[in-house]
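Structure at a glance
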Amino acid sequence: MKHRNQVFDNVLDLVGNTPLIKLNKIASKFKGNFYAKVESFNPGHSSKDRIALYIIEQAEKKGILTPGDTIIETTSGNTGFSIAMVSIIKGYDCVLAVSSKSSADKIDMLKTMGAKVYVCPAHVSADDPRSYYQVAKRLHEEIKGSVYINQYFNELNIDAHYKSTGPEIWKQTEGKITHLVACSGTGGTISGTARYLKEQNPKIKVIGVDAFGSVIKKYHETREFDEKEIYPYRIEGLGKNLIPSATDFDVVDEFVKVTDEESAHTARLIAKSEGLFVGYTSGAAMQAIMQLGEGGEFKEGDNIVIIFPDHGSRYMSKVYSDKWMTEQGFFDSKNEAAAQRIQY
Ligand code: PMP
């Protein structure tokens, strides 16, 4: 492993080996020690650097990808940024089908990183020809020699975290981790990390974070896809309206649902209390900790690791905009728990 005081060949050498940072204030009313795995320290500012680099290098090893080829993906932004970054260094074209729910900042950033971006409507079903899945599929068929990363249905997404995030956390906690709390979108992060950690110690409790409006938690409990669970929500990158095969439901002990509103306030609270400027889903993961803590989940001596997937700068026009928060009604909440957390 290289250290930060060395000279690096290129930006990709800095992917992974993110720090584990103790949270000293935000959860101090609960028993246990809380640590954040802060993925914004990746060069692309999110955990998605890990899967982009890993999946592309696996394709190269198999001879599927050669320089000049096109890489296609559906993405809420972060994976796209990471693929674009890897593509620049390795000489690929990057084509992205993006949800219209993604922030304008994210879309501009992808273009800055040389990607060709197709913006697709967010609230259509996955099999609608306008959905970003179908658009990506069509582009893959049309562009000769293209590779479709397909992060929601790619086992390598799990492997990337099994080979990097899991071992890093095990080493950083010296094997003392008792709980892992992580958001589930594709499910790659929680599945790969938990699979590795549970192989080391099956007693580690793994808690996934899901959104209201997503089918993931219900599917985990019933193994049934319940369409009635689906409705629009605002958090990007968390939860889903389909069941991704990149989620290994067997390594997750339980899922906790969080609201858009409480997650937004908790994201702001992380910045104010810990000096960590992280994204909306980091707020969601921390919000899950609040709910679990209030339910008496943690005891003295527990070592709880929470994954903070990305950086706050990607949400300046959303969670970190007072105007946006006001427009959502998040500053005049009727939700008491959320209102209490505004007092930061
Ligand atoms: N947070 C953000 C901001 C994301 O973009 C994603 C990925 N969709 C996640 C969390 C969830 O990670 P995963 O896809 O590995 O479940």
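Residues numbered from 1 in each chain as written. Predicted model: local features only at pLDDT ≥ 70, side-chain atom pairs only at ≥ 80, totals over all residues. Heavy atoms only, no water.

The protein goes by Cysteine synthase family protein in an unreviewed UniProt entry, where it is assigned to Flavivirga jejuensis. Note on the protein: under the UniProt heading Cofactor (unreviewed entry), the record states "pyridoxal 5'-phosphate". (UniProt positions renumbered as here; feature names shortened; annotations may be inferred.)

Some points on the site of the ligand
In the vicinity of the ligand, 16 residues are found, and the nearest of them are Lys48, Gly185, Thr186, Thr189 and Thr281. Note that an oxygen atom of the ligand is positioned 2.6 Å from one of the side-chain N or O atoms of threonine 186. Glycine 187 has a polar backbone atom sitting 2.8 Å from an oxygen atom of the ligand. Taken by itself the ligand offers 390 Å² of open surface, and the protein chains cover 98% of this. (Near = heavy atom within 4 Å. Polar contact = N/O pair within 3.5 Å; in protein donor to acceptor, adjacent residues only side chain to side chain. Areas by Shrake-Rupley, 256 points an atom, 1.4 Å probe, with all protein chains shown as cover.)

What about the sheet that holds strand E9 (residues 254–258)?
A sheet is described by the order of its strands in space; here six strands give the open sequence E1-E2-E10-E7-E8-E9, paired in mixed fashion. Of all the strands in the sheet, the pair left with one neighbour each is strand E1 (20–22) and E9. Each strand axis lies, on average, 25° off the axis of its neighbour in the sheet, ignoring direction. As paired strands, strand E2 (residues 33–38) and strand E10 (residues 303–308) are joined by six bridges and run parallel to one another. For asparagine 33, the partnering residue across the bridge sits in E10 and is asparagine 303. On the sheet, helix H10 (residues 280–294) packs against E2, strand E7 (179–183), strand E8 (205–211), E9 and E10 and is oriented at approximately 110° with respect to E9. (Pairing = 2+ DSSP bridges. Helix = DSSP H or I, 4+ residues; strand = E, 2+ residues; numbered from the N terminus. Axes fitted to C-alpha atoms, helices over the stretch in contact; angles between N-to-C directions. Contact = heavy atoms within 4.5 Å.)

Some thoughts on the pairing of E10
It is a general feature of regular strands that their side chains alternate between the two faces of the sheet. Most of E10 sits out of view: six of its six residues are buried. Of the two faces of E10, the one lined by Asn303, Val305 and Ile307 and the one lined by Ile304, Ile306 and Phe308 are each fully buried. The sheet contact formed by E7 and E10 spans three bridges and is parallel. Pairing of histidine 179 across the sheet is with isoleucine 304, part of E10. (Buried < 20%, exposed > 50% of the residue type's maximum accessible area, 1.4 Å probe, protein only.)

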